[in-house]
Amino acid sequence: MESKYNYFKRDISWLSFNYRVLLEALDERLPLYERINFISIYSSNLEEFYKIRVADHKAVASGATESDEETVQSARELVEEINKEVTRQLDDRVRIYEQKILPALRKNHIIFYQDNHVEPFHQQFIKDFFREEIFPYLQPVPVSKDKIVSFLRDNRLYLAIRVYPKKEEKNKGEETKENIEKYTGECINERNDGEGIKVGMEAARPNVTDLRQPLYFVMKQPYAKVPRFIELPSREKNHYLMFTEDIIKANLNLIFPGYDVDSSYCIKISRDADILIDDTASSADLVAQLKKKVKKRKIGDVCRFVYDRAMPSEFLDFLVDAFRIQRDELVPGDKHLNLEDLRHLPNPNKSLHSLEKPKPMKLTVLDEKESIFNYVAKKDLLLYYPYHSFEHFIHFLYEAVHNPETREIMVTQYRVAENSVVINTLIAAAQNGKKVTVFVELKARFDEENNLATAEMMQAAGIKIIYSIPGLKVHAKVALIRRRGLNGEKIPSYAYISTGNFNEKTATLYADCGLFTCRKEIVADLYNLFRTLQGKEDPKFTTLLVARFNLIPELNRLIDREISLADEGKQGRIILKMNALQDPTMIDRLYEASEHGVQIDLIVRGICCLIPGQSYSRNIRVTRIVDSFLEHARIWYFGNDGTPKVFMGSPDWMRRNLYRRIEAITPVLASDLRDSLIEMLNIQLADNQKACWVDDKLQNIFKKRTPGTPAVRAQYTFYDWLNKTNS
């Protein structure tokens, strides 16, 4: 039955979020290099989007795979719509970069060469640097139609170069009128001369009367050997930077001594990075499949060919034919591609300040003398990362390792840091004679190799490893410390439920929450969950909400309760904070609640397929916050007639999370902790510095500060609030 409601397209909504990331580069209140970093994040996000989402749609569009959600025609139309929107956004990225960022760098005495002008006092340095540091690593490869096609590696930057054999004197003036007109016609569509940077020399461009046949080459940029950005000698108070590829362009005549260099342009290929595996395979077969297929990720099908938009049409046509590129794979880019590398841009002006981000604080109640075990045995504990230090969780594991009453440590692993302190601590526990069980999700995209390596390392240390469940991903972020007294008496065990991964590196970048508790009902439910992961029983959960078991029925009951309150003339109230909202069934429930008068605020960082501003969503508002930290927590508030129910855990309201994954959500039962989560939600809704509304056209409409009201920048305001209460 067709729904009476409408929804945003998932991927178009995601592009709206990523565009919001790009808009941070316009915020002049931010330190300059923070603004530059947001261009890097935007570019990196877009690269992954093409590798996964667009690659999937292209596979359907080509008939290579089938989908229950889209037809061949709808997939083709969606890819076209995506490319059109990305092209529009990239136009803005070019404008922001060239008209805002580069002038701001110059204002701060950092001259970042971008065009064909280089100061005379740098020309010899550039020549010498090229000869000594770059030239030995360059290897131009000829490109020719109807011959062996050179393989372009995924996400590597290449220069596409067009040259002509040097003209012999005896051939001058022998061109026919017919050939002159032919060459002239080929050049009419050129949008600029594409010479790149010149260092005291003019590239020898062929005359329009030239009969010589062009030759084409591609040359991979040697970034494994040479940095992407080169610092040139300073002059007076000015500092100078240059792209490595621009230094190469300036010296192409040295690479092709027998040729006249016509032009050169940057190109790159994005390849399908998704891994198709038999999801019903046994653990042993799954490990073998992943080891084999992860290695093939870099040679996947082309999903995007990005080129310098200044490239003449006949040059692009030649490359398209030679590399067998489909027209729907073409995405025009800027002169400089792979701007995700801007996160490594040197800052030679030491007077430029970086952003003073909130420093992780340690709780005064958990100083070095205080046992977390003893504290949590008395009351629940809630930590907010990165405002609170992740070292508290590490200390929690250390206590479990050295506590003689610890019987078993059970943990889920989805994404962990390389050389992880968490993993090393679990290994120490096993070596200390503790029973340690770790569920490892091998199918965590782009973390497959790291998860395989850490799993094998843990297994070698005596840790019991449980691998992925066939047909499911385990996305829950939970840990359980099971204890028993030395004389067999019952003593508290400890449960930990988080919105984020056990990753000490991302815990400094992602805004998440983690709850420690000894409550028997939660501990028992969590133990049942781990038994389920081991395939030992069909569990029943009394307190935890677990996707694929009791989550959806409970969410429906909570929404029904708010609808009933609104129907009775009381206040129905829902606040949902998450990363993504996509499941049509749950969106329909929110639309329904809105129609009954329930007031709903959504704080959704990324994908939001719910359309606000419609007759059926008039009581729903969508807020998006992009700031110093990645908003990653999932927190749900239901008003419940003045006795609010608050939940936190791992799932977004995506179809995959609600129906195809194991996710864990806990109610926050301690009133003081529940109040602190409500305070955080209220602060985020009051944000008038970094928050925006998402409107019915997917535009990011920045919230404006009302005259006379305080400035609220949610992440910093909440940090200050936590700091004041840390006593």
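So, how was this worked out
Residues numbered from 1 in each chain as written. Predicted model: local features only at pLDDT ≥ 70, side-chain atom pairs only at ≥ 80, totals over all residues. Heavy atoms only, no water. Helix = DSSP H or I, 4+ residues; strand = E, 2+ residues; numbered from the N terminus. Buried < 20%, exposed > 50% of the residue type's maximum accessible area, 1.4 Å probe, protein only. Contact = heavy atoms within 4.5 Å. Axes fitted to C-alpha atoms, helices over the stretch in contact; angles between N-to-C directions. Parallel < 35°, antiparallel > 145°, perpendicular 65-115°, else oblique. Nonpolar A, V, L, I, M, F, W, Y, C, P; charged D, E, K, R; others polar. Expected span 1.5 Å × (residues − 1). Pairing = 2+ DSSP bridges. Core = buried A, V, L, I, M, F, W, Y, C linked by side-chain atoms within 4.5 Å. Phe/Tyr/Trp six-rings, centres within 6.5 Å; stacked < 30°, edge-to-face > 60°. Lys NZ or Arg CZ within 6 Å of the ring centre and 35° of its normal.

> Looking at this model, I keep getting lost on the overall build of the protein. Mind explaining?
Secondary structure summary: the protein contains 19 helices and 28 strands in total. With 727 residues in all, the protein has 58% of them scored as buried. Contacts spanning at least 24 positions in sequence make up 78% of the contacts within the protein whose residues lie at least 6 apart.

> Can you walk me through the packing of helix H11 (residues 391-402) against helix H12 (residues 421-431) in this structure?
For any two helices packed against each other, one specifies the crossing angle of their axes together with the interaxial distance. Two elements in contact, H11 and H12, have axes whose closest approach is 9 Å; the angle formed by their N-to-C orientations is 10 degrees. The orientation of H11 relative to H12 falls into the category roughly parallel. Along its contact with H11, which presents Phe-393, Ile-394, Leu-397, Tyr-398 and Val-401, the element H12 presents Val-421, Val-422, Thr-425, Ala-428 and Ala-429. A breakdown of the residues in the contact of H11 with H12 according to their chemical character gives nine nonpolar, one polar and no charged.

> So what exactly am I meant to see when it comes to helix H13 (residues 448-460) here?
Here H13 spans 18 Å end to end across 13 residues, near enough to the 18 Å set by a 1.5 Å rise per residue. Of the positions making up H13, those classed as buried are Glu-448, Asn-450, Asn-451, Leu-452, Thr-454, Ala-455 and Met-458. Gly-462 occupies a position one or two residues after H13 and carries a positive phi of about 100 degrees.

> Is there a simple way to think about the sheet that holds strand E6 (residues 238-243) in this case?
Two strands in a sheet stick together by hydrogen bonds in their backbones, pointing the same way (parallel) or opposite ways (antiparallel). Strand order in the open sheet formed by three strands is E1-E6-E5, and the pairing between neighbours is mixed. In this open sheet, the two edge strands, each paired with only one partner strand, are strand E1 (110-113) and strand E5 (229-235). This sheet shows a mean twist of 25 degrees between the axes of neighbouring strands, independent of strand direction. Of the pairings in the sheet, the one linking E1 to E6 comprises four bridges and is parallel in character. In the strand pairing of E6, Phe-112 is matched with Leu-241.

> Any chance you could explain the sheet that holds strand E3 (residues 158-165) here in plain terms?
Spatially, the six strands line up as an open sheet ordered E2-E4-E3-E7-E8-E9, and their pairing is mixed. Bordering the open sheet on either side are strand E2 (141-143) and strand E9 (330-333), each of which pairs with just one other strand. Averaged over neighbouring strand pairs, the angle between their axes works out to 35 degrees when direction is ignored. Here E2 runs beside strand E4 (residues 215-220); their pairing, made up of three bridges, is antiparallel.

> Can you walk me through the nonpolar core in this structure?
One recurring pattern in soluble globular proteins: nonpolar side chains tend to sit buried together. Core analysis: the biggest nonpolar cluster contains 113 residues, and Leu-581, Leu-590, Leu-602, Leu-610, Trp-636 and Trp-653 have the highest contact counts within it. No other element matches helix H2 (residues 32-61), which puts eleven residues into this core. In this view, Leu-581 contacts Ile-587, Leu-590, Leu-602, Val-604, Ile-607, Cys-608, Cys-609, Leu-610 and Trp-653; residues no more than four positions away in its chain are not counted. Val-416, Val-436, Tyr-494 and Tyr-496 belong to the second largest nonpolar core, which has 43 residues in total.

> Is there a simple way to explain the packing of aromatic side chains in this structure?
How two aromatic rings sit relative to each other is set out by the distance from centre to centre and by the angle between their planes. Counted under the stated rule, the structure contains 38 aromatic pairs. With a centroid separation of 5.9 Å and an interplanar angle of 40 degrees, the aromatic rings of Tyr-496 and Phe-502 are classed as tilted. The same class applies to Tyr-496 and to Phe-502, which are both buried. By the ring-pair criterion, three or more aromatic residues cluster together here, those being Phe-373, Tyr-385, Phe-390, Phe-393, Phe-396, Tyr-494, Tyr-496, Phe-502 and Phe-516. Over the ring of Tyr-19 we find Arg-88, and its NZ or CZ is 4.8 Å from the ring centre. Arg-235 extends its terminal NZ or CZ atom over the ring of Phe-121, reaching a point 4.3 Å from the ring centre.

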